[in-house]
Amino acid sequence: NKDIVLENAVLAPSSGYAVTGQGASGGEILRNCVITKGGISNLALGENLTVFDPDPAVEPAITDSYLVNCLIEYGTVITNSTLENCDIAATDGYFVSVSTGDFRLLSTAANAIDKGKNLSAEFTSDISGNNRGVDVLDISNFDSGAWDIGAHEFVLDAGYSDVTITVIESPV
């Protein structure tokens, strides 16, 4: 078996591509990774990746790769690749802090939240260990467990109310 799986990593090489695989026949799989430099070449399968270079003068590149549920920086040079359910227009406004490398999703990342394909037959958590398909603490998404696009699942952990309703019957 030639499959090599790399999960939950941040890749930022000083030069060249962050990942160079052997194409569809190579069997390399990248999951829940954030790529902040270089880009991807000849990757057999990339699932729930975030590809975003914090340097506005640099455009990442994706070449000869197959990607699913990926969040990709606007302006990325994409050549001869298959993108399934990916957002190719991500801006720094999607993330908590691009300049400090915090690529967790903000609530305003509407094109990424709950827009992903459910891949739970292959894996179930994000780069931080949060369950996929859960946006409010431990409550599954109401829309059949839709996943978020990119390495991080948006998690609302504050600013909501847990409401309990009590019904008291009274005689008429």
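So, a few notes on the structure that sits alongside this text. None of the values given here were measured: they were computed from a predicted structure.

Let's shift gears to the overall build of the protein. Across its full length, the protein holds 0 helices and 18 strands. With 172 residues in all, the protein has 44% of them scored as buried. Counting contacts in the protein only where the partners sit at least 6 residues apart, residues at least 24 apart contribute 39% of the total. When the accessible surface of the protein is totalled, it reaches about 9200 Å², and 51% of it is carbon and sulfur.

To continue, consider the sheet that holds strand β9 (residues 61-63). Ordered by their spatial adjacency, 4 strands build an open sheet running β3-β6-β9-β12, and the pairing between neighbours is parallel. Of all the strands in the sheet, the pair left with one neighbour each is β3 (19-20) and β12 (77-79). Sheet topology places strand β6 (residues 39-41) next to β9; 3 bridges connect them, and they run parallel. Bridge pairing in β9 links Ser41 to Thr63.

Our focus in this paragraph is the environment of Gln22. Take Gln22: it is sitting in the loop between β3 and β4 (28-31). As a C-alpha pair, Gln22 and Ala44 span 22 residues in sequence and 7.1 Å in three-dimensional space. Dropping the residues within four chain positions of it, Gln22 is found in contact with Glu28 and Asn42.

What follows deals with the sheet that holds strand β2 (residues 10-11). Taken together, 5 strands build an open sheet; the order of strands is β2-β5-β8-β11-β14 and the sheet is parallel. In this open sheet, the two strands that pair with only one neighbour each are β2 and β14 (87-90). Examined bridge by bridge, strand β5 (residues 34-35) and strand β8 (residues 50-51) share 2 bridges and lie parallel to one another. What sits directly across from Val34, in β8, is Thr50.

Moving on, we get to the packing of aromatic side chains. Scanning the model with the defined rule gives 5 aromatic pairs in all. When the ring of Tyr94 is compared with that of Phe95, the centres are 6.1 Å apart and the planes differ by 40°; the resulting orientation is tilted. Neither residue differs from the other here; Tyr94 and Phe95 are each classed as buried. Each member of the aromatic cluster is reached from another via a ring pair, and the members are Phe52, Tyr94, Phe95 and Phe103.

The next point concerns the nonpolar core. Membership of the largest hydrophobic core comes to 16 residues, with the highest contact counts inside it found for Leu71, Tyr94, Phe95, Leu105 and Ala112. Core analysis: the second largest hydrophobic core is formed by 14 residues, Leu11, Leu30, Leu67 and Cys70 among them.

Rules used in this analysis
- Residues numbered from 1 in each chain as written.
- Predicted model: local features only at pLDDT ≥ 70, side-chain atom pairs only at ≥ 80, totals over all residues.
- Heavy atoms only, no water.
- Helix = DSSP H or I, 4+ residues; strand = E, 2+ residues; numbered from the N terminus.
- Buried < 20%, exposed > 50% of the residue type's maximum accessible area, 1.4 Å probe, protein only.
- Contact = heavy atoms within 4.5 Å.
- Areas by Shrake-Rupley, 256 points an atom, 1.4 Å probe, with all protein chains shown as cover.
- Pairing = 2+ DSSP bridges.
- Phe/Tyr/Trp six-rings, centres within 6.5 Å; stacked < 30°, edge-to-face > 60°.
- Core = buried A, V, L, I, M, F, W, Y, C linked by side-chain atoms within 4.5 Å.

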